[in-house]
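If you want the building blocks of each chain, they are given just below.
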Amino acid sequence: MDPKIYPKKIGGKTYYYYQYTRREKINLNDEGKGPGSGKSKVKTFSEYLGTAESIHKKINESKTKCISVRQKSFGFPSAVYQICRKTGLDEILKKYIHGERYSVPKYIYFLMAIINRLDHASSKEKIGLWAKKTIFPELLNFKSSKFNSKSFWYVTDDVINEKELRKYRHENDCADDIFAGLNDEIFIKMEDEIFLKVKELFKLNPTTIAYDTTNFFTYIQPQTPSELANTGKSKENRNHLKQVGLTTAVDMDSGIPMFHKIYKGNAHDSNCFSEIIDELILKMKYYSASAGKPVIVLDKGNNNEENFKKMKNKVYWVGSLVPSHFKNLLEIPVKSYPGKYTEHKYITFTQQVMGLNCFLVLTFNRSLYNKQKFSLLSGIKKCKQQLKKKLDEYKRKPVNKLPKGIITFKKEHRYGKYINVDINNSELIFIEDSSEIKKTEERLGKNLLFSNKLTALPEWLIDNYKDKNILEQDYHLLKSPDIIRSRPIRHWTDTKIRAFCFSCMCALSIARIMEQTVEKNYRKMSIGLIKEELQDLKLITMIYKDNDYETKVTDRSTVQQKLFDIFKLDEIENDLTLHFKKLHSVEMQ
């Protein structure tokens, strides 16, 4: 085995070791190398070299000509860049984003922003510092010092102009426009081209899509003008903060986004869906290669009679209804449900919903029931504890009369309706409302699914509605502090918010494509695990006198080598080796 240098993490720090093998005689008295000279065995030896800093110091102190050792982040950012090239994302950005700013092509600002979201999400002010630690300044021939919030601001303004938006709003009434008058056509065109390329590469046939909305909180101050950022019902219970809404449609099989828009944070989900239905249906039919009707899977937050009438005869939908709105169905005992599929018991109906004939499937899941019942009982217990704590906060405790503060708190609490409260000698007395609890328990573990496909099988509805969780996973990736970290949104002008969301959605597409690529060529791995494996790979550069150099990627484990091969990182390594002498002067001198 050839000698190698490999990294090892101990206590959060990276140390390097030199490993080599050699043959040794089993009998130390034997001599010679040929046949009959005695048995031998291979032994492996490891020598501690130190940290990158200590190696650098030792080399400088030695009698060699090496004057500097540099380390660059290589593995994961290179893999992300390779997917950008494979999908044509870099060329698409270059096609629509022309010109230069501060001697750097404008499209590279967007490309670096997208890769940064996945590798080490940071503010625009710090992207230059991040880029300096990667191989991109050498690979793409730019100065990382040019990247800061000011340069990004100007480049984004060249793509989607804030002054033009304000002028348009001044000349047109945009009060009722949930998209705040944004002209984001350039981002829509780029998204379309990206998805078409991905569809071709992975042979996608998006006959079924998942659609839903979410929102991202911001720290934009109340007095800061923004049509997009508004207070509303936050998905993360940050109702006191301004937020921006995001509507998304993804391919159900891969989770790759095919459509997205941002909208005002105070707009209702169903109103947003109403605005984009026609555009979404056109895209679904355009992307789908099948002759039949495409299928859209929705969450109940998008339910609206007008919305479903718009979709009638154009697409099939699978959605859910609020079970408590159909009390006659909830009263049917679970033991009388005739159907069983995986962990579900179910019963089917055909009836009108919002003026349309629909096929309904009422399901019951025992594990879901147990989980929801535990949450219910925990919520009641927590409500009691909070009421006691609130009473203890009174300096002069009431004796036999409930104070208004306690009554109001109970009324507003989510679980307050399940308990009756009284007071005796300054002690709260709780009596659980068994009838209210029983009414809630009747709908626990149940989902009421419906579709306009009257010939559908119950299993088809159950599977499709379950599979829409892939979009929830996408939203988790978007908001994860370890992956894309799209919130809190720190941009405060609407055009910059739009550009930022585009970068985040591109990063999400790349993440999903990386997962698909690894699963197809190796095994199923999450983007988090792929990142964890590849982040250990560094590019070590030894600089010698007379501007000579030597580069080497740190040694790899079996898994790392497999990922190295899948993403063809040897191409990046070769590019850097061949062109480093010309390019390294940009950052290394």
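All residue numbers refer to position in the chain's written sequence, counted from 1. Restriction of local features to residues with pLDDT of at least 70 applies here, the model being predicted, together with a cutoff of 80 or more for giving and counting side-chain atom pairs; totals for whole chains, interfaces and linings are based on all residues. Water and hydrogen atoms were dropped before computing side-chain values, which therefore reflect all heavy atoms in the structure.

Asks: Any chance you could explain the overall build of the protein chain here in plain terms?
Replies: A run of H or I in DSSP becomes a helix once it reaches four residues, and a run of E becomes a strand once it reaches two; helices and strands are each numbered from the N terminus. Within the protein chain one finds 21 helices and 19 strands. Dimensions of the protein chain, computed from C-alpha atoms along their principal axes, come out at roughly 90 × 70 × 65 Å. Only protein chains enter the accessibility calculation, which uses a 1.4 Å probe; a residue whose area is less than 20% of its type maximum is buried, one above 50% is exposed, and one in between is partly exposed. Taking all 589 residues of the protein chain together, the buried fraction comes to 50%. Whether two residues are in contact is decided by their heavy atoms, any of which lying within 4.5 Å being enough. Considering only intrachain contacts with a sequence separation of at least 6, the fraction spanning at least 24 residues in the protein chain is 66%.

Asks: Which parts of the structure should I look at to understand the sheet that holds strand E11 (residues 316–321)?
Replies: Strand pairs in the sheet, formed through backbone hydrogen bonds, run parallel or antiparallel to each other. An order of E9-E8-E7-E10-E11-E17-E14-E13-E12 is seen for the nine strands of this open sheet, with the pairing classed as mixed. Looking at which strands have only one partner, the edges of the open sheet turn out to be strand E9 (257–264) and strand E12 (339–341). Shown here is a sheet whose adjacent strand axes are inclined to one another by a mean of 30°, direction ignored. The sheet contact formed by strand E7 (residues 208–217) and strand E10 (residues 295–297) spans three bridges and is parallel. The residue of E10 that forms the bridge with Ile209 is Ile296. Working convention: axes come from line fits to C-alpha atoms, limited for helices to the stretch in contact. Angles between N-to-C directions cover 0 to 180 degrees. Across the face of the sheet, helix H10 (residues 269–287) comes into contact with E7, strand E8 (243–251), E9 and E10 while running at roughly 160° to E9. Strands are labelled as partners when DSSP assigns at least two bridges between them.

Asks: Teacher, can you tell me more about the packing of helix H2 (residues 75–86) against helix H19 (residues 527–534) here?
Replies: For any two helices packed against each other, one specifies the inter-axial angle together with the distance between the axes. Orientation of H2 relative to H19, taken along the N-to-C sense of each, is 125°, at an axis distance of 7 Å. In terms of orientation, H2 lies oblique with respect to H19. Every residue of H19 that contacts H2 at Gly75, Phe76 and Ala79 is listed here: Ile527, Ile530, Lys531 and Leu534. Classification convention: Asp, Glu, Lys, Arg as charged; Ala, Val, Leu, Ile, Met, Phe, Trp, Tyr, Cys, Pro as nonpolar; all other residues, Gly among them, as polar. Split by residue class, the contact of H2 with H19 holds five nonpolar, one polar and one charged. Any angle between 65 and 115 degrees counts as roughly perpendicular, while under 35 counts as roughly parallel, over 145 as roughly antiparallel, and the rest as oblique.

Asks: How do you make sense of the side chain of Lys479 when you look at a structure like this?
Replies: Its location among the elements puts Lys479 in helix H17 (residues 469–479). Ignoring sequence-local partners within four residues, the contact set of Lys479 consists of Thr214, Asn215, Phe216, Lys235, Glu236, Arg485, Ser486 and Arg487.

Asks: Looking at this structure, how should I read a positive patch on the surface?
Replies: Two distance rules govern patches: like charges are joined within 9 Å, and nonpolar side chains (Val, Leu, Ile, Met, Phe, Trp, Tyr) within 5 Å, applied only to residues with over 30% relative accessible area and no salt bridge. Each accessible area is a Shrake-Rupley result for a 1.4 Å probe, and residues are judged covered by the shown protein chains and nothing else. A side-chain nitrogen of Lys or Arg and a carboxyl oxygen of Asp or Glu constitute a salt bridge if their distance falls within 4 Å. Two residue types count as positive, namely Lys and Arg, and two as negative, namely Asp and Glu; His and chain ends fall outside the count. We put the charge of a Lys on NZ, of an Arg on CZ, of an Asp on CG and of a Glu on CD. A grouping of Lys86, Lys203, Lys520 and Lys568 is seen on the molecular surface, where their side chains present a positively charged patch. In this fold, Lys86 is placed in helix H2.

Asks: Quick question: what am I supposed to make of the packing of aromatic side chains here?
Replies: The relative placement of two aromatic rings is captured by the distance of their centres and the angle of their planes. Note on aromatic pairs: the rings of Phe, Tyr and Trp (six-membered ring only in Trp) are paired at centre separations within 6.5 Å, and the planes decide the class, stacked below 30 degrees, edge-to-face beyond 60, tilted for the rest. In the structure shown here, the tally under the stated rule is 24 aromatic pairs. Ring geometry for Trp130 and Phe136: centres 6.1 Å apart, planes at 45°, overall tilted. Per residue, the accessibility class of Trp130 equals that of Phe136, and both read buried. Cluster of aromatic residues (ring-pair linked, three or more members): Tyr6, Tyr15, Tyr17 and Tyr48. Lysine and arginine charges are scored as sitting over a ring when NZ or CZ, respectively, is within 6 Å of the ring centre and within 35 degrees of the ring normal. Over the ring of Phe152 we find Lys124, and its NZ or CZ is 5.9 Å from the ring centre. Looking at Lys293, its charged tip hangs above the ring of Tyr316, at a distance of 5.0 Å from the centre.

Asks: How should the pairing of E7 be read in this particular structure?
Replies: With ten of its ten residues buried, E7 lies for the most part within the structure. With burial as the criterion, each face of E7 is covered, one bearing Thr208, Ala210, Asp212, Thr214 and Phe216 and the other bearing Ile209, Tyr211, Thr213, Asn215 and Phe217. Direction of pairing for E7 relative to E8: antiparallel, over a ladder of nine bridges. The residue bridging Tyr211 from the neighbouring strand is Ala249, located in E8.

Asks: Could you clarify how one ought to interpret the sheet that holds strand E3 (residues 40–50) in this entry?
Replies: Here we have three strands laid out as an open sheet, ordered E1-E2-E3, and antiparallel in their pairing. Since the sheet does not close on itself, it has two edges, and those belong to strand E1 (4–10) and E3, each with one partner. Pairs of neighbouring strands in the sheet enclose a mean axial angle of 35°, with direction left out of account.

Asks: Explanation requested: the environment of Met505 in the structure shown.
Replies: Structurally, the position occupied by Met505 is in helix H18 (residues 494–521). For Met505, a relative accessible area of 3% translates into the label buried. With sequence-adjacent residues up to four places away left out, Met505 is seen in contact with Leu246, Thr248, Pro257, His260 and Leu478.

Asks: Help me out: how do you make sense of the environment of Asn420 in this one?
Replies: Within the fold, Asn420 resides in strand E15 (residues 419–424). As for Asn420 and Tyr109, which are separated by 311 residues in sequence, their C-alpha atoms are 60 Å apart. Contact partners of Asn420, with chain neighbours within four places excluded, come to Lys410, Ile429, Phe430, Ile431 and Asp433.

Asks: Would you explain H10 in this entry?
Replies: Note: α-helices contain 3.6 residues per turn, so residues at a spacing of three or four share the same orientation. The angle between axes fitted to the seven residues ending at a residue and the seven residues starting there is what we call the bend at that residue. When the local axis directions of H10 are compared, the greatest deviation, roughly 50°, occurs at Ile276. The inward-facing, buried residues of H10 abut helix H9 (185–202), E7, E8, E9, E10 and helix H11 (305–311).

Asks: Would you mind showing me how to read helix H15 (residues 434–441) here?
Replies: Those residues of H15 not exposed but buried are Glu436, Ile437 and Thr440. Projected down its long axis, H15 shows its buried positions confined to an angular sector of 100°, all on one face. Exposed and oriented more than 90 degrees from the buried face of H15 are Ser434 and Lys438. Elements in contact with the buried residues of H15: helix H13 (366–392) and strand E16 (427–432). The arc in question is formed by the directions pointing from the helix axis toward the C-beta atoms.

Asks: I would appreciate a short explanation of the environment of Lys57 in the present structure.
Replies: Along the chain, Lys57 turns up in helix H1 (residues 52–61). You can call Lys57 exposed: its relative accessible area is 53%.

Asks: Explain the pairing of E9 to me, please; I cannot follow it from the model alone.
Replies: Looking along a regular strand, one sees the side chains alternate between the two faces of the sheet. A large share of E9 lies buried, amounting to eight of its eight residues. Pairing of E8 with E9 involves seven bridges; the strand directions are antiparallel. Residue pairing in the sheet places Leu246 in a bridge with Ile262 of E9. Following E8, the chain reverses through five residues before pairing antiparallel with E9; Gly255 in that reversal takes a positive phi of roughly 80°.

Asks: Explanation requested: unusual backbone geometry in the structure shown.
Replies: Trans peptide bonds make up the majority, and among non-glycine residues the majority have a negative phi. Note the cis peptide between Arg487 and Pro488, where omega equals 5°. With respect to the element layout, Pro488 can be found in the loop between H17 and H18. With a phi close to 70°, Asn313 is a non-glycine residue in the positive phi region. With respect to the helices and strands, the residue Asn313 is situated in the loop between H11 and E11. Exposure remark for Asn313: the relative accessible area of 59% places this residue in the exposed category. Backbone geometry at Thr342 places phi at a positive 45°, although glycine is not the residue there. Since its relative accessible area comes to 53%, Thr342 is described here as exposed.

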